[in-house]
Amino acid sequence: MQVTLGQADGALVITVRESRLDAAVALVFKELVRNVTVEDGTRVILDLKHVQFLDSSGLGAIVGVMKLLGPARPLEIAALSPSVRKLFRLTRMDTVFRIHDCAPHAEDIDITQITAAG
Amino acid sequence: MQTVSARSGYRELPAKGKAAGRATGKNHVMAGPPDMRPALDVRCGADLDEVRHTLQHIHNFLSKHALPSDLVEDLDLVLSEAMTNIVLHGNTDANGLIECQLVLRDTAVECRLSDTGVAFDPAGAGLAAPEAKAFSEGGYGWFLIRSLTCQISYARKGAWNVLCFSMRSCAGCGAERCWASRQ
C-alpha cells in the first residue's frame, strides 16, 4: 500500500493510494502513518479520494491514527465516496470527525510506500 | 468449478442453470436455489487476503448482473464485516473455510454464509453502535451487518456456522439502511 504526503495551508495532507481500506491493509496503513513525522500544531488531513471501499477495520485504523496523532495534531477527513460517507454516517463518526468535501490542493513532499501486505 | 487453490473455488450458476442438489465440496452439500435465479457459490480459506480476493470476485459477479449500486456496495460491506470476523475471531486453523452462496433477485440478494470457525451465535451482537465520542477502534462490525440486512438467521450445523440473510435495495424496506439513506 502507498500513501502520499503533501503540504497545503499549513496542513499535512496524507493521501491514501489504495481503493480498499479493509482488514487486509488496516495495520499496514496504521504503521505507515505512525512513521510520519508531524509537528505539534499541524492539522492532518486524510485524503480518501482514491478509497472506494472502507469497512469497520479501515475505520478502526483511521480512529487509531487519530489517537496516535493526539489532540495537538488534529486529524480531519476529506473526499469521501458515497459508500465511505455512508459508513461514517451509520457509525456516527461523521459527528466527531471534521469532514471536507475535498482536500486542499497539496504540494507533494514525499511518497511513502509499504508493499509487504497489499 | 474453477479452482483457484486447493481451498478456494468459484461456481457461477447461470439464470437457467441446473441448480438442484449440487455439491460444493467434500465437507458440505448445498441444496440449490429453488428457482432459476442467477446464483454464485464461492469458497475460500479463512485468510484476509483470500477474503479480499473473493469479495472482488463477488463484486464483479454482482456488477455483471446490473444490481442497484447501493445494494452492491452494501453487500460488499456486510460480507467484508462477516468474513473478517470469521478470520479474526473464528479461531480457525490453517484449513479453515468460508463459503458464500448468493441468489440474486431483481432488487434483492439472498445470502448464505458458512464457516468452520468456533460456534458464534450473533443473537446479541451489534444491537447498538459504539458511542462515537468514545472513539472506539472496533465493535462496529455486527452493528453494520444488522443495520444493512433483513431477516438474519443463524444455525450451527455440524462443524459449520451458517448465517442467512437477505438484502434489498432501499425502496420498500424498513431496514436501517433505508433510514440512513434518507438522512
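Rules of the game
- Residues numbered from 1 in each chain as written.
- Chains lettered and ligands numbered in written order.
- Predicted model: local features only at pLDDT ≥ 70, side-chain atom pairs only at ≥ 80, totals over all residues.
- Heavy atoms only, no water.
- Helix = DSSP H or I, 4+ residues; strand = E, 2+ residues; numbered from the N terminus.
- Buried < 20%, exposed > 50% of the residue type's maximum accessible area, 1.4 Å probe, protein only.
- Contact = heavy atoms within 4.5 Å.
- Areas by Shrake-Rupley, 256 points an atom, 1.4 Å probe, with all protein chains shown as cover.
- Axes fitted to C-alpha atoms, helices over the stretch in contact; angles between N-to-C directions.
- Parallel < 35°, antiparallel > 145°, perpendicular 65-115°, else oblique.
- Nonpolar A, V, L, I, M, F, W, Y, C, P; charged D, E, K, R; others polar.
- Pairing = 2+ DSSP bridges.
- Buried area = accessible area lost by both parts, 1.4 Å probe.
- Salt bridge = Lys/Arg side-chain N within 4 Å of Asp/Glu carboxyl O.
- Expected span 1.5 Å × (residues − 1).
- Core = buried A, V, L, I, M, F, W, Y, C linked by side-chain atoms within 4.5 Å.

### Concerning the overall build of chain B
From N to C terminus, chain B includes 4 helices and 9 strands. For chain B, the residues scored as buried account for 49% of the 183 residues in total. Pairs at least 24 apart in sequence give 60% of the contacts found in chain B among residues at least 6 apart. When the accessible surface of chain B is split by element, carbon and sulfur atoms take 53% of a total near 8600 Å².

### Regarding the packing of helix α3 (residues 82–90) of chain A against helix α3 (residues 141–148) of chain B
For the pair α3(A) and α3(B), interaxial distance at closest approach is 11 Å and the crossing angle is 110°. Considering the angle they form, α3(A) stands roughly perpendicular to α3(B). Judged by residue contacts, A:K86, A:L87 and A:L90 of α3(A) engage B:F143, B:L144, B:S147 and B:L148 from α3(B). For the contact of α3(A) with α3(B), a count of residues per class yields 5 nonpolar, 1 polar and 1 charged.

### Some remarks on unusual backbone geometry
Peptide bonds are mostly trans, and most non-glycine residues show a negative phi. Positioned with a positive phi, A:D9 is a non-glycine residue whose angle comes to about 50°. Counting through the fold element by element, A:D9 comes out in the loop between β1 (2–8) and β2 (11–16). At B:Q151, a position not held by glycine, the phi torsion is positive, near 50°. You can see B:Q151 is positioned in strand β8 (residues 150–157). Residue B:Q151 is classed as exposed on the basis of its relative accessible area, which comes to 61%.

### Brief notes about the pairing of strand β4 (residues 43–47) of chain A
Residue and element names in this part refer to chain A. In terms of burial, β4 is largely enclosed, as 4 of its 5 residues are buried. Inspection of the sheet shows β2 paired to β4 by 5 bridges, in the parallel sense. Its bridge partner lying in β4, L12 is registered against V44. Of the pairings in the sheet, the one linking β4 to strand β6 (residues 75–78) comprises 4 bridges and is parallel in character. Bridging from a neighbouring strand, I45 pairs with E76 of β6.

### Section: the interface of chain A and chain B
Contacts between chain A and chain B engage 28 residues on the former and 27 residues on the latter. Summing both partners gives a buried area of about 2300 Å² for chain A against chain B, and 61% of it is carried by carbon and sulfur. Among the residues of chain A in contact with chain B, A:R20, A:K86 and A:L90 are the three that bury the most area, contributing 25% of the side total. At the junction of chain A and chain B, the tally comes to 6 salt bridges. In this structure, the salt-bridge partner of B:E137 is A:K67, at a minimum N-O distance of 3.5 Å. Put simply, the parts of the chain that give the side of chain A that touches chain B at least two residues each are α1 (23–34), β5 (53–54), α2 (56–69) and α3 of chain A. A total of 8 residues in the side of chain A that touches chain B trace back to one element, the largest contributor, which is α2(A). A per-class count over the side of chain A that touches chain B returns 12 nonpolar, 7 polar and 9 charged.

### Comments concerning helix α2 (residues 69–89) of chain B
All names here are of chain B. The end-to-end C-alpha distance of α2 is 30 Å, a good match for the 30 Å that 21 residues give at a rise of 1.5 Å each. The buried count for α2 comes to 15 of 21 residues, which makes it a mostly enclosed element. Downstream of α2 by one or two residues, N91 has phi in the positive range, about 50°.

### Re the nonpolar core
Core analysis: the biggest nonpolar cluster contains 75 residues, and A:F29, A:L48, A:I62, A:L75 and B:I58 have the highest contact counts within it. Each residue touching A:F29, except ones within four places of it in the same chain, is listed here: A:M1, A:V3, A:V16, A:L21, A:L46, A:A61, A:I62 and A:V65. In this structure, A:A11, A:V13, A:I45 and A:A79 belong to the second largest nonpolar core, which totals 8 residues.

### A short note on the pattern of salt bridges
One pass over the full model with this rule turns up 16 salt bridges over all chains. Notably, a salt bridge pairs A:K30 with B:E137, separated by 3.0 Å at the nearest N-O pair. A residue pair is termed interchain when its members come from two chains, as with A:K30 in helix α1 and B:E137 in the loop between β7 (108–115) and α3. For B:E137, a relative accessible area of 34% gives the class partly exposed. A salt bridge links A:R98 to A:E76; its shortest N-O distance comes to 3.7 Å. Of the two residues, A:R98 is situated in strand β7 (residues 98–100) and A:E76 in strand β6; the sequence distance between them amounts to 22 residues. Using a relative accessible area of 6% as the deciding quantity, one classes A:E76 as buried. Connected through salt bridges with shared partners, the residues A:E18, A:R20, A:D22, B:R52 and B:D76 form a single ionic network.

In short, shape yes, function no, at least from these values alone.
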